[in-house]
Amino acid sequence: MPDITPGTSSEDLAKRLTHARYPRSNSYDVRWVIENQMGPNALWLLEWLAPALGLETLRPGARVLDLGCGRAMTSVFLAREYDAQVTAADLWIKPDDNAGRIAQAGFADRVLPVHAEAHDLPFAEGGFDAIVSIDAYHYFGTADLYLPTLTRLLKPGGRIGVVVPALREEPAGVEPPEHLQPWWEPDFWCFHSADWWRRHWTRGGAVEVEAADWLDDGWRDWLLWCDVIAEESPEEFHRTMARRVGEMVRLDEGRALGFVRLVGRRIR
């Protein structure tokens, strides 16, 4: 893939983004990841999630629903790294667009792109071994009744795993953390703490919560990625958003903002 940004080589970018915590992600073409991102580095977040799901879940041939897959990078990752059979479901990105990316990556036989809205999923009960959602679940999964409906798509004992932008602690009252007020958007109220998510999933009674934890120094990964996207993304919209989010994350320094990982096993 050609280097489309004058003055910055793909080799230099790869060195800048090489991360000891994400060895699998380090092997992916850095320009491909930059050009297909739609937020925080989805491959890094999925690589953090995968060990909590377990190899017995992400085994060769496992049927995985990648919910809110965006431009299907995470779906390709699941197929390439774990030999999974992936259904790549997204509302915003057309299946034809994702099909081209998937085929170019060499996984047309293992990743099926579909157009689907998270509240209207056209899949059979018990059809998946796992459901994965990276940087998407917080947009639709905070409703009390959503998880029990979604997990019916899992076989008994199957697992759901998500990673979401999050708050270290729930704010008191109706105001955001004071230092974040200049950047706060109404959408950010769907950011919650690990304890909030654990309680939310436990109350629904559909899963046994096996993990609900905070990514240590996740804000540093988020900031690094924002800085790179602000400089290197071919899309002005993404460069602008990355600059704004990067300012917020840089000021916060992990006091409030980061990422939470959740894993639940279907129990009914």
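Above this text you will find the structure in question.
Residues numbered from 1 in each chain as written. Predicted model: local features only at pLDDT ≥ 70, side-chain atom pairs only at ≥ 80, totals over all residues. Heavy atoms only, no water.

Draft legend 1. Up close: the pattern of salt bridges. Applying the stated criterion across every chain yields a total of 23 salt bridges. Of the charged contacts in the structure, one is a salt bridge between Asp129 and Arg59, with a shortest N-O distance of 3.2 Å. Highlighted residues: Asp129 in strand E4 (residues 128-134) and Arg59 in the loop between helix H3 (42-53) and strand E1 (63-67), separated in sequence by 70 residues. Given a relative accessible area of 31%, Arg59 falls into the partly exposed group. Residue Asp129 is classed as buried on the basis of its relative accessible area, which comes to 3%. Within the structure, one salt-bridge network assembled from shared partners comprises Glu56, Arg159, Glu208, Glu210 and Arg265. (Salt bridge = Lys/Arg side-chain N within 4 Å of Asp/Glu carboxyl O. Helix = DSSP H or I, 4+ residues; strand = E, 2+ residues; numbered from the N terminus. Buried < 20%, exposed > 50% of the residue type's maximum accessible area, 1.4 Å probe, protein only.)

Draft legend 2. Helix H4 (residues 73-82), seen in detail. For H4, the buried fraction is high: nine of the 10 residues fall into the buried class. All of the buried residues in H4 are Met73, Thr74, Ser75, Val76, Phe77, Leu78, Ala79, Glu81 and Tyr82. Immediately beyond the C-terminal end of H4, within one or two residues, lies Asp83, with a positive phi of roughly 55 degrees.

Draft legend 3. Region of the structure containing the packing of aromatic side chains. Per the stated rule, a full pass over the model turns up 16 aromatic pairs. A ring pair is formed by Tyr137 and Trp201, whose centres lie 5.8 Å apart and whose planes are at 75 degrees; its orientation type is edge-to-face. One end of the pair, Tyr137, is in the loop between E4 and helix H6 (146-150); the other, Trp201, is in helix H7 (residues 194-204), and 64 residues separate them in sequence. Both residues of the pair, Tyr137 and Trp201, count as buried. (Phe/Tyr/Trp six-rings, centres within 6.5 Å; stacked < 30°, edge-to-face > 60°.)

Draft legend 4. Quick peek at the environment of Leu13. Position of Leu13 among the secondary structure elements: in helix H1 (residues 10-17). Note on Leu13: relative accessible area 1%, which makes it buried. The sequence separation of Leu13 and Ala116 amounts to 103 residues, and the corresponding C-alpha distance is 34 Å.

Draft legend 5. Highlighting the nonpolar core. If you look at the biggest cluster of nonpolar residues, it comprises 63 residues, and the most contacted ones within it are Leu49, Val64 and Ile134. A total of nine residues in this core trace back to one element, the largest contributor, which is H3. Counting 32 residues, the second largest nonpolar core, distinct from the first, contains Leu147, Leu150, Trp201 and Val260. (Core = buried A, V, L, I, M, F, W, Y, C linked by side-chain atoms within 4.5 Å.)

Draft legend 6. Quick look at helix H8 (residues 218-232). Counted at 1.5 Å a residue, the expected span for H8 with its 15 residues is 21 Å, and the 21 Å between its end C-alpha atoms agrees. Of all the 15 residues making up H8, 11 are buried; the element is thus mostly covered by neighbouring parts of the structure. When we look at burial in H8, the residues that qualify are Gly218, Trp219, Asp221, Trp222, Leu223, Trp225, Cys226, Val228, Ile229, Ala230 and Glu232. Among the structural elements, H1, helix H2 (30-36), H3, strand E5 (154-167), helix H9 (236-252) and strand E7 (257-266) are those in contact with the buried residues of H8. (Expected span 1.5 Å × (residues − 1). Contact = heavy atoms within 4.5 Å.)

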